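# Residue-level structure breakdown
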Amino acid sequence: MPARTGAQYLEKLKKDRREIYLDGERIEDITVHPQLKGGAESIAHLYDLQYLHPEVMLTENENGEKVGTAFMFPKSKDDLWKLHKATKLWSEASAGIMGRSPDYLNITFACYASRTDVWDKYGESEKGKNLENYFKYIRDNDLCLTHCIVNPQVDRSVPEAQQGEGDLALHKVGETEDSIIVSGARMLGTLAPFADEMTIYPSRAGQGIRPEDSKYALMFAVPMDHPGMMLLNRDSFSKQRDLFDYPLSSRFDEQDAIVIFDNCHIPKDRVFIDGNTELYRAVTAEVNWGAYIVFQAMTRALTKLEFLFGIGHMIADMNGVNAFDHIKEKLGEIWQYKELTRTAIVSAIEGAQDNGVNGVLIPDGRPLQALRGLMPKWIPRCIELIQLIGGGGFLCTPSKKDMQGHLRPFIDKYYQARNKSALEKIKVNRLAWDFIGSDLAGRGELYERFYLIDSFRVTMDTYTNADKEVEMALVKKFLDQMVLEEEAVANGK
């Protein structure tokens, strides 16, 4: 079938009978639940965008059917630009708030499926074929995926296999002719209420899996209503108030969940790694996942920075504070982060290279890795700058009901801005606060700090893995010119 519409997405979601809990209640119909309805409709809108921008959002599979661009195997710089533009359109739909829009995992599994030779290399050709078949299934049905790739936080000072006597982390507990049986928990299933499938795969090159930890080395995928799988959501940050009051958190809470597997049978044709610790540790790096997923993530981050610069300028301009040098400096700082992000993405595309296997083009990972370490610092910094620019104006902003009440004439008089009406000023302030100060905004800031591993480890890795030869050669050229007088005499100079 071709790429889905929003109505088709919601229809499938409505029929789903997943075991998902929120505030102690099992949710029967996500599409009408007051705290989940807004998120479901926002994802549906992304699918509709595919048909509003088909030249960017859609491509063809080998059968000539129209499928999502995020499923493509890019084989030219034009393909990478198309992928960037498609991701950008989806990120702009939520101002970059929804970090796990479907393109994130579409790209992830395209990375895996484009490199099934890695499975061959580690003696797992059959499971590589499972992966290839699964990729075609999600691509041709335009499915929305979530993932849980981190084990519960219990005692990070010991190997995962030793936490809770080895019973807490997701692990294999048995096998039948047709399935493997798994138990344990994983976090953090962002987008879980709205996804069609749950995927489990290695994070950070296997995160410490040892040869003796084979029962923890698992990679598989199942439908969200698969028996034996339960989802426990965090508190909802979706505001049950008018779009005027909460223009973002009324629609864009993508949710996060813990997934619990309780003697869950995973069909063997849905299993991609089963106990092969070498493959589990190697696969993330060898399929070039890092370059591609950070390419998607930084496109979304660029959208967030654009929004922050735009809202910062509007606040400063309407209050007249952009006449002050210290405010100009704050806005200039946000602009610099935005432009550095944009140029790094351009550099990643223009510096892309063939993967040397099947002609798939890999974005240059160097500028992306630099952004990966810096973005968890940049976005919180920009949020702080907006708080400083807006100041107390965020704390005395009327609601929609206030605007419709008998004090409206006074609101119109006392809430006006230098160049905007009271209504316009209030809308700007409410939009900004929902982005930087609401509970959804707080979740978003934490998300940016950790969703691609904390900045400390990424920055450490950039140094450890950096090619230092060119820079050392430059230094050595000058060191060689620094000759002591006695050395010169000894050398007959």
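Residues numbered from 1 in each chain as written. Predicted model: local features only at pLDDT ≥ 70, side-chain atom pairs only at ≥ 80, totals over all residues. Heavy atoms only, no water.

## Quick look at empty space enclosed by the protein
- Under the criterion given, the structure shown has seven cavities of 30 Å³ or more.
- Considering only enclosed or pocket space, the largest cavity measures out at about 90 Å³ in volume.
- Around the largest cavity, the lining residues are Ile97, Lys304, Ile379, Ile383, Asp434, Phe435, Leu440, Ala441, Gly444 and Glu445.
- Looking at the lining of the largest cavity, the elements with two or more residues in it are helix 11 (365-390), helix 14 (422-436) and helix 15 (439-450).
- Among the elements that line the lining of the largest cavity, the one with the most residues is helix 15, at four residues. (1 Å grid on protein atoms, 1.4 Å probe; cavity = no way out; pocket = protein on both sides within 12 Å on 5 of 7 lines; lining within 4 Å. Points joined across faces, edges and corners; volume = space filled by probe spheres on them. Helix = DSSP H or I, 4+ residues; strand = E, 2+ residues; numbered from the N terminus.)

## Comments concerning the sheet that holds strand 8 (residues 197-200)
- Reading across the sheet, the four strands line up as 5-8-9-12 and stay open at both edges, with mixed pairing between neighbours. Of all strands in the sheet, those with a lone pairing partner are strand 5 (145-147) and strand 12 (271-274), marking the two edges. The mean angle between the axes of side-by-side strands here comes to 25 degrees, regardless of whether they run parallel or antiparallel.
- Looking at chain direction, strand 8 and strand 9 (residues 218-223) are connected through four bridges and run antiparallel. (Pairing = 2+ DSSP bridges. Axes fitted to C-alpha atoms, helices over the stretch in contact; angles between N-to-C directions.)

## Some thoughts on the packing of aromatic side chains
- Enumeration over the complete set of coordinates arrives at 16 aromatic pairs.
- Measuring from ring centre to ring centre gives 5.3 Å for Tyr9 and Tyr47, while their planes differ by 25 degrees; the resulting arrangement is stacked. Here Tyr9 is found in helix 1 (residues 6-15), whereas its partner Tyr47 is found in helix 2 (residues 37-52), with 38 residues between them in sequence. Comparing Tyr9 with Tyr47 shows no difference in burial state: the two are buried.
- Ring geometry for Tyr337 and Trp378: centres 4.9 Å apart, planes at 25 degrees, overall stacked. With Tyr337 in helix 10 (residues 325-350) and Trp378 in helix 11, this residue pair connects regions lying 41 residues apart in the sequence.
- Assessed through its relative accessible area of 10%, Trp378 is described here as buried.
- Chaining the aromatic ring pairs together yields one cluster made of Phe109, Tyr112, Trp119, Tyr134, Tyr137, Tyr201 and Phe272. (Phe/Tyr/Trp six-rings, centres within 6.5 Å; stacked < 30°, edge-to-face > 60°. Buried < 20%, exposed > 50% of the residue type's maximum accessible area, 1.4 Å probe, protein only.)

## Here's the deal with the sheet that holds strand 2 (residues 25-26)
- Taken together, the six strands give an open sheet; going across it, the order is 2-1-10-11-7-6, and neighbouring strands pair in mixed fashion. The outermost strands of the open sheet, each flanked by one partner alone, are strand 2 and strand 6 (171-175).

## Focus on the layout of surface pockets
- In this structure, the second largest pocket encloses a volume near 260 Å³.
- As for the second largest pocket, its lining consists of 13 residues, and the residues nearest its centre are Glu62, Phe71, Phe73, Phe135 and Arg139.
- Those elements that place two or more of their residues in the lining of the second largest pocket are strand 3 (58-60) and helix 7 (125-140).
- Partitioned by chemical class, the residues of the lining of the second largest pocket number six nonpolar, two polar and five charged. (Nonpolar A, V, L, I, M, F, W, Y, C, P; charged D, E, K, R; others polar.)

## Side note on the nonpolar core
- With 131 residues, the main nonpolar core has Phe109, Trp119, Met198, Phe220, Phe261 and Met298 as its most contacted residues.
- Phe244, Ile411, Ala422 and Ile426 belong to the second-largest nonpolar core, a separate cluster that totals five residues. (Core = buried A, V, L, I, M, F, W, Y, C linked by side-chain atoms within 4.5 Å.)

## Topic: a nonpolar patch on the surface
- On the surface, Leu188, Leu232, Ile258 and Ile260 cluster together into a nonpolar patch covering about 300 Å² of accessible area.
- By the element assignment, Ile260 lies in strand 11 (residues 257-267). (Patch = residues over 30% accessible without salt bridge, like charges linked within 9 Å, V, L, I, M, F, W, Y side chains within 5 Å. Areas by Shrake-Rupley, 256 points an atom, 1.4 Å probe, with all protein chains shown as cover. Salt bridge = Lys/Arg side-chain N within 4 Å of Asp/Glu carboxyl O.)

## Some points on helix 5 (residues 103-113)
- Of all eleven residues in helix 5, eleven are buried; the element is thus mostly enclosed.
- Restricting attention to buried positions, one finds in helix 5 the residues Asp103, Tyr104, Leu105, Asn106, Ile107, Thr108, Phe109, Ala110, Cys111, Tyr112 and Ala113.

## Observations regarding the side chain of Ser236
- Structurally, Ser236 can be placed in the loop between strand 10 (229-233) and strand 11.
- Judged by relative accessible area, Ser236 falls into the buried class, the value being 13%.
- Within the structure, Ser236 has its side chain in polar contact with the backbone oxygen of Gln35 (distance 3.4 Å).
- There is a polar contact of 3.1 Å between the side chain of Ser236 and the backbone nitrogen of Ser238.
- Beyond its immediate sequence surroundings of up to four residues, Ser236 is in contact with Leu22, Gln35, Asp253 and Gln255. (Polar contact = N/O pair within 3.5 Å; in protein donor to acceptor, adjacent residues only side chain to side chain. Contact = heavy atoms within 4.5 Å.)

## What about the packing of helix 11 against helix 15?
- Remark: helix 11 packs on helix 15, axes separated minimally by 7 Å, with the N-to-C direction vectors making an angle of 155 degrees. Comparing the axis directions of helix 11 and helix 15 gives the class roughly antiparallel. In this structure, the crossing between helix 11 and helix 15 has a hand that is left-handed. In this structure, helix 11 contributes Pro376, Ile379, Pro380 and Ile383 to the contact, and helix 15 contributes Glu445, Glu448 and Arg449.
- Here the residues of the contact of helix 11 with helix 15 sort into four nonpolar, no polar and three charged. (Parallel < 35°, antiparallel > 145°, perpendicular 65-115°, else oblique. Left-handed = near helix turned anticlockwise from the far one by under 90°.)

## A look at the pattern of salt bridges
- Tallied over the entire structure, the rule returns 42 salt bridges.
- In this structure, Arg270 engages Glu197 in a salt bridge whose closest nitrogen and oxygen atoms are separated by 2.7 Å. Residue Arg270 is located in the loop between strand 11 and strand 12, and its partner Glu197 is located in strand 8; the two are separated by 73 residues in the primary sequence.
- Residue Glu197 is classed as buried on the basis of its relative accessible area, which comes to 2%.
- Between Lys239 and Asp439 there is a salt bridge; the shortest N-O distance is 3.3 Å. Of this pair, Lys239 sits in the loop between strand 10 and strand 11 while Asp439 sits in helix 15; the two residues are 200 residues apart in sequence, bridging distant segments of the chain.

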